[in-house]
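A structural walkthrough
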Amino acid sequence: MSLAHVDPEIAELIKAEERRQADTVKLIPSENYVSKAVLEATGTVLTNKYSEGYAGKRYYEGQQVIDQIETLAIERAKALFGVRHANVQPYSGSPANLAIYMAFASPGDTVMGMGLPFGGHLTHGWSVSATGKWFNPVRYGVRRDTGRIDMDEVRDLAREHRPKLIFCGGTAIPRTIDFPAFAEIAREVGAVLAADIAHIAGLVAGGAHPSPVGHADVISTTTHKTLRGPRGAMLMADSDEHATALNKAVFPGLQGGPHNHTTAAIAVALKEAAAPEFSAYAHQVVANAKALADELLARGFDLVSGGTDNHLILIDLTSKGVAGKPAAQALDRAGLETNYNTVPFDPRKPFDPSGLRIGTPSVTSRGMGEAEMRQIAAWMDEVVTAVAKGDAEDVITRVHAEVSALTGKYPTPGLTA
Ligand code: DSN
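Residues numbered from 1 in each chain as written. Predicted model: local features only at pLDDT ≥ 70, side-chain atom pairs only at ≥ 80, totals over all residues. Heavy atoms only, no water.

An unreviewed UniProt entry annotates the protein as Serine hydroxymethyltransferase of Thermocatellispora tengchongensis. Its UniProt record gives the protein a comment under Catalytic activity (unreviewed entry), which states: "(6R)-5,10-methylene-5,6,7,8-tetrahydrofolate + glycine + H2O = (6S)-5,6,7,8-tetrahydrofolate + L-serine". (UniProt positions renumbered as here; feature names shortened; annotations may be inferred.)

**A few points about the site of the ligand**
Neighbouring the ligand are S30, H121, T171, H199, K225 and R357. Note that an oxygen atom of the ligand is positioned 2.7 Å from one of the side-chain N or O atoms of H199. Residue R357 places a side-chain N or O atom 2.8 Å away from an oxygen atom belonging to the ligand. Protein burial of the ligand: of its 230 Å² of free accessible surface, 63% is covered by the chains. Grouping the constituent residues of the shell around the ligand by class yields no nonpolar, four polar and two charged. (Near = heavy atom within 4 Å. Polar contact = N/O pair within 3.5 Å; in protein donor to acceptor, adjacent residues only side chain to side chain. Areas by Shrake-Rupley, 256 points an atom, 1.4 Å probe, with all protein chains shown as cover. Nonpolar A, V, L, I, M, F, W, Y, C, P; charged D, E, K, R; others polar.)

**Focus on the UniProt feature "binding site: (6S)-5,6,7,8-tetrahydrofolate" (unreviewed entry) in the protein**
UniProt records the feature "binding site: (6S)-5,6,7,8-tetrahydrofolate" (unreviewed entry) for L116, G120, H121, L122 and E241 in the present numbering. Spanning 126 residues, the named residues do not form one spatial group; their C-alpha atoms are separated by as much as 30.0 Å. Contacts of L116, omitting those with residues within four sequence positions, involve H121, L122, W126 and T342. Setting aside residues up to four positions removed in sequence, H121 forms contacts with S94, N97, M114, L116, G170 and T171. Engagement of the side chain of H121 in a polar contact is seen with the side chain of T123, the distance being 2.6 Å. (Contact = heavy atoms within 4.5 Å.)

**Looking at the nonpolar core**
Counting 53 residues, the largest nonpolar core has F81, Y140, I166, F182, L227 and M234 as its most contacted members. Among the elements that make up this core, the one with the highest residue count is helix α8 (residues 179–189) (seven residues). Those residues in contact with M234 that sit more than four places away from it in its chain are A77, F81, N87, V88, P90, I219, S220, T221, T223, L227, I266 and L270. (Core = buried A, V, L, I, M, F, W, Y, C linked by side-chain atoms within 4.5 Å. Buried < 20%, exposed > 50% of the residue type's maximum accessible area, 1.4 Å probe, protein only. Helix = DSSP H or I, 4+ residues; strand = E, 2+ residues; numbered from the N terminus.)

**Side note on the sheet that holds strand β10 (residues 233–237)**
Either a parallel or an antiparallel arrangement is found when strands of a sheet pair, and the pairing is made through backbone hydrogen bonds. Pairing within the open sheet is mixed, and its seven strands lie in the order β4-β10-β9-β8-β7-β5-β6. In this open sheet, the two strands that pair with only one neighbour each are β4 (85–87) and β6 (136–140). Neighbour to neighbour, the strand axes of the sheet diverge by 20° on average, direction disregarded. With two bridges connecting them, strand β5 (residues 110–114) and strand β7 (residues 165–168) associate as parallel partners. (Pairing = 2+ DSSP bridges. Axes fitted to C-alpha atoms, helices over the stretch in contact; angles between N-to-C directions.)

**Some remarks on unusual backbone geometry**
Going from F251 to P252, the amide bond is cis rather than trans, its omega being 10°. For P252, the location among the structural elements is in helix α10 (residues 240–254). The phi dihedral of R228 is positive, around 65°, even though this residue is not glycine. Mapped onto the fold, R228 is located in the loop between β9 (218–222) and β10. In this structure, F345 is a non-glycine residue whose phi angle is positive, near 60°. Counting through the fold element by element, F345 comes out in the loop between β14 (339–341) and β15 (355–359).

**With respect to the packing of aromatic side chains**
Enumeration according to the criterion identifies nine aromatic pairs in this entry. On the basis of an interplanar angle of 55° and a centroid distance of 5.8 Å, the ring pair of Y59 and F251 is categorised as tilted. Pair noted here: Y59 is in the loop between β3 (57–58) and α4 (66–81) and F251 is in helix α10, with a separation of 192 residues, a long-range link. Residue classification places Y59 among the exposed residues on the basis of a relative accessible area of 59%. Pairing Y101 with F135 gives two aromatic rings, centres 4.8 Å apart and planes at 45°, and the pair type is tilted. One end of the pair, Y101, is in helix α5 (residues 93–104); the other, F135, is in the loop between α6 (130–133) and β6, and 34 residues separate them in sequence. For Y101, a relative accessible area of 1% puts it in the buried group. A cation sits over an aromatic face here: K320 above F301, 4.4 Å from the ring centre. (Phe/Tyr/Trp six-rings, centres within 6.5 Å; stacked < 30°, edge-to-face > 60°. Lys NZ or Arg CZ within 6 Å of the ring centre and 35° of its normal.)

**What about the side chain of N310?**
Tracing the sequence through the fold places N310 in the loop between β11 (302–303) and β12 (312–316). On the accessibility criterion, N310 (1% relative accessible area) is buried. At a separation of 2.9 Å, a polar atom in the side chain of N310 contacts the main-chain amide nitrogen of L312. N310 has contacts with I173, P174, R175, I200, L203, V285, V286 and A289, leaving out every residue within four places of it along the chain.

**A short note on the packing of helix α7 (residues 151–161) against α8**
Where α7 meets α8, the closest approach of the two axes is 9 Å, and the angle between their N-to-C directions is 15°. What the angle tells us is that α7 and α8 run roughly parallel. Once α7 is placed against α8, the crossing between them reads as right-handed. Residue-level inspection shows M151, V154, R155, A158 and R159 of α7 in contact with α8, the latter providing A181, F182, I185, E188 and V189. (Parallel < 35°, antiparallel > 145°, perpendicular 65-115°, else oblique. Left-handed = near helix turned anticlockwise from the far one by under 90°.)

**Thoughts on the sheet that holds β15**
Strand order in the open sheet made by the four strands is β11-β12-β15-β14, with antiparallel pairing throughout. In this open sheet, the two edge strands, each paired with only one partner strand, are β11 and β14. As paired strands, β11 and β12 are joined by two bridges and run antiparallel to one another. Its bridge partner being in β12, D302 is matched across the sheet by D316. Lying over the sheet, helix α12 (residues 276–298) contacts β11, β12 and β15, oriented at roughly 15° with respect to β12. Its contacts with the sheet put helix α13 (residues 324–333) on β14 and β15, and the angle it makes with β15 is roughly 45°.

**Overview of the pattern of salt bridges**
Across all of its chains, the model carries 21 salt bridges by this definition. A salt bridge links R58 to D67; its shortest N-O distance comes to 2.8 Å. Both residues of the pair, R58 and D67, belong to the buried class. Note that E382 is salt-bridged to R398, the shortest N-O span being 2.4 Å. Pair noted here: E382 is in helix α15 (residues 370–389) and R398 is in helix α16 (residues 393–407), with a separation of 16 residues, a long-range link. (Salt bridge = Lys/Arg side-chain N within 4 Å of Asp/Glu carboxyl O.)

In structure tokens, the structure reads:
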């Protein structure tokens, strides 16, 4: 029986979310629209199967098909990123990163990562995360004058603290990550270098951001951000020794049975990412982000680091006289979906910070280009200015109507295309 028949309430809510996603200009940089093929692979009978272990060595029978699917996903990951080993089983980014700790460090060991308020991820050793509680985290940030990672600080901290593990990458970094520089520092202090490319994996795959391969010892990524796959994650490595440690950490170290429906959808997404159109998409994501950033700058917005090299823009709204949360809420009501975010050296609290984080993967997947980015910046400016003046209702209503007219022209992959 169909979902609509069994559970009309949930079916209607899913339809409502479909409509919301189609009617919204989605600017959250970690989100995207997956293809119909990826969605289809996710909703299959593969969800019925347990497969603890790895291909050829499982703890359940009946793996004739699952082994082939997981092997295909692994081979496609290896080919796409040019690595020798890949593990496609981590449930998502945080478990993938935890597996790196389990593989290369012990509780109490010193580890190093970018502080959350500077753009790092919770799992890079932030205090509220298990990684900050169970390990001894040392954190680097960005320079106050440039908003960019301070590689001198990274080197000095690494020399002083001799971490076992160094993470590079994060969730709010608008600039290119210098993997060779991190690798040189990690080598000097004898640390394992982990590149968390969750945000930029699609750009790396499409050739729009330098690759960490050949520099980082291990690479973690989610599969659902710029890479445009299902919610999941992967770990990659070149050396047999690192790969063996990662595999053991994922299973049996941290996880039970892999989510086979996700593995199949990852395989589909990786096939899509190897196509020439994907490279064009990745480059357009960056071109769109630059166009959006330039227009925001021209309209007097203050961007952390002064712009962007990738898919992501971090706006400090202090100079606009409004905080991130009320701005994000008003923009959402106008059909422009963003997330409020801390900015480096933010004097405000994380739940009510000074910044807005935006990005261009979703709008690019819909086929929008630079002209639409300039229009989006204009709408953002109108709404934020109106919020600062304390009189935004009319502007929100008008902008929402204009946003709907725009979204109506751009099909949403997986939903209306
Ligand atoms: N939640 C992700 C993001 O939005 O960047 C990071 O895990």
